[in-house]
Amino acid sequence: MTADEFFNTVRDAIQADFHCVAHAGHLEHKETHHDGSTSQFRLKASVPHVAFSLDKSGLNPFMVLAPGLNSRNDLTVVCLGADGVPAVFVIECKNSPSPGDAQHQIGCGMAFCEYLFQLVRLRHGIQVKAKYFGVAAYRPKSPPKGSTRPKFVRQGHHGGLLRADWFVDVVLPLTELVRATQELK
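Residues numbered from 1 in each chain as written. Predicted model: local features only at pLDDT ≥ 70, side-chain atom pairs only at ≥ 80, totals over all residues. Heavy atoms only, no water.

A. Molecular detail of the overall build of the protein chain. Along the protein chain, the regular secondary structure elements total three helices and ten strands. Ordered by position from N to C terminus, the α and β elements of the protein chain give α-β-β-β-β-β-β-α-β-β-β-β-α. Relative to the compact-globule value of 16 Å for 185 residues, the protein chain shows a C-alpha radius of gyration of 16 Å, a close match. Along the first, second and third principal axes, the C-alpha atoms of the protein chain reach 45 × 40 × 40 Å. Here the protein chain, with 185 residues, has 43% of them falling under the buried criterion. On the protein chain, roughly 10,000 Å² of surface is accessible, and the fraction owed to carbon and sulfur atoms is 53%. Distance between charge centroids for the protein chain: 5 Å, based on 20 positive and 17 negative side chains. (Helix = DSSP H or I, 4+ residues; strand = E, 2+ residues; numbered from the N terminus. Rg over C-alpha atoms; globule rule 2.2 N^0.38 Å. Buried < 20%, exposed > 50% of the residue type's maximum accessible area, 1.4 Å probe, protein only. Areas by Shrake-Rupley, 256 points an atom, 1.4 Å probe, with all protein chains shown as cover. Lys, Arg positive; Asp, Glu negative; His and termini not counted. Charge placed at Lys NZ, Arg CZ, Asp CG, Glu CD.)

The following block contains the structure:
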């Protein structure tokens, strides 16, 4: 399967209302919080990708699930790693000085993508063996200095998820996310 066929298959598997399209070379996630404040996370769309958000205002992608089981992350980006293997970046943004429950929402986003890829396999006969990475974007008390590449570390229970933390107000190039995954070998 070519890269274009892969991206078309993933894009077509997600209802268009949930797609995120780059504008002026950037993917943006904007969110209005319970206290009326807003936050914005920008990702430089510097490699071919498919992006979607299940956290769109007024839309509920999981109406069949009871409250508490319908957690979702803010942005998911699927691209190809340097090795040609699909890389899934599950991003959760917080308007706080700590990542809070980002780990839970990232885990839910990864579980959704595993389910999605199983449906793609059943429908199209295409086996997608992806590598999963989480990104918690928030407002730490001291912003990062001089770093242009996130660092993935294992976090959480049971061996943990590979997660990088990032300052929500700093644009994150998708190329740097892909390069950061290469450092894990």
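B. A look at the packing of helix α1 (residues 3-13) against helix α2 (residues 102-124). Two elements in contact, α1 and α2, have axes whose closest approach is 11 Å; the angle formed by their N-to-C orientations is 110 degrees. By the angle between their axes, α1 is roughly perpendicular relative to α2. Residues Thr9, Val10 and Ala13 of α1 form the contact with α2, whose own contacting residues are Leu116, Phe117, Val120 and His124. (Axes fitted to C-alpha atoms, helices over the stretch in contact; angles between N-to-C directions. Parallel < 35°, antiparallel > 145°, perpendicular 65-115°, else oblique. Contact = heavy atoms within 4.5 Å.)

C. Representation of the side chain of Thr181 in the model. Mapped onto the elements of the fold, Thr181 is located in helix α3 (residues 174-182). Within the local environment of Thr181, its side chain forms a polar contact with the backbone oxygen of Val178, the two atoms lying 2.5 Å apart. (Polar contact = N/O pair within 3.5 Å; in protein donor to acceptor, adjacent residues only side chain to side chain.)

D. Quick look at α2. Between its terminal C-alpha atoms α2 stretches 32 Å, which fits the 33 Å expected from 23 residues at 1.5 Å a residue. Among the residues of α2, those classed as buried are Ala102, Gln103, Gln105, Ile106, Gly109, Met110, Phe112, Cys113, Leu116, Phe117 and Val120. Gly125 occupies a position one or two residues after α2 and carries a positive phi of about 70 degrees. (Expected span 1.5 Å × (residues − 1).)

E. Molecular detail of unusual backbone geometry. Phi at Ala24 is positive, roughly 55 degrees, even though this residue is not glycine. For Ala24, the position within the fold is in the loop between β1 (19-20) and β2 (26-32). Taking the relative accessible area as the measure of exposure, Ala24 reaches 79% and is therefore exposed.

F. The pattern of salt bridges, seen in detail. Applying the stated criterion across every chain, the model contains eight salt bridges. Across the pair Arg163 and Asp165 runs a salt bridge, and its minimum N-O distance is 2.9 Å. On the basis of relative accessibility, which here comes to 32%, the residue Asp165 falls in the partly exposed class. Among the ionic contacts, a cluster of salt bridges with common partners joins Glu28, Lys30 and Arg42. (Salt bridge = Lys/Arg side-chain N within 4 Å of Asp/Glu carboxyl O.)

That's the geometry; what it means functionally is another story.
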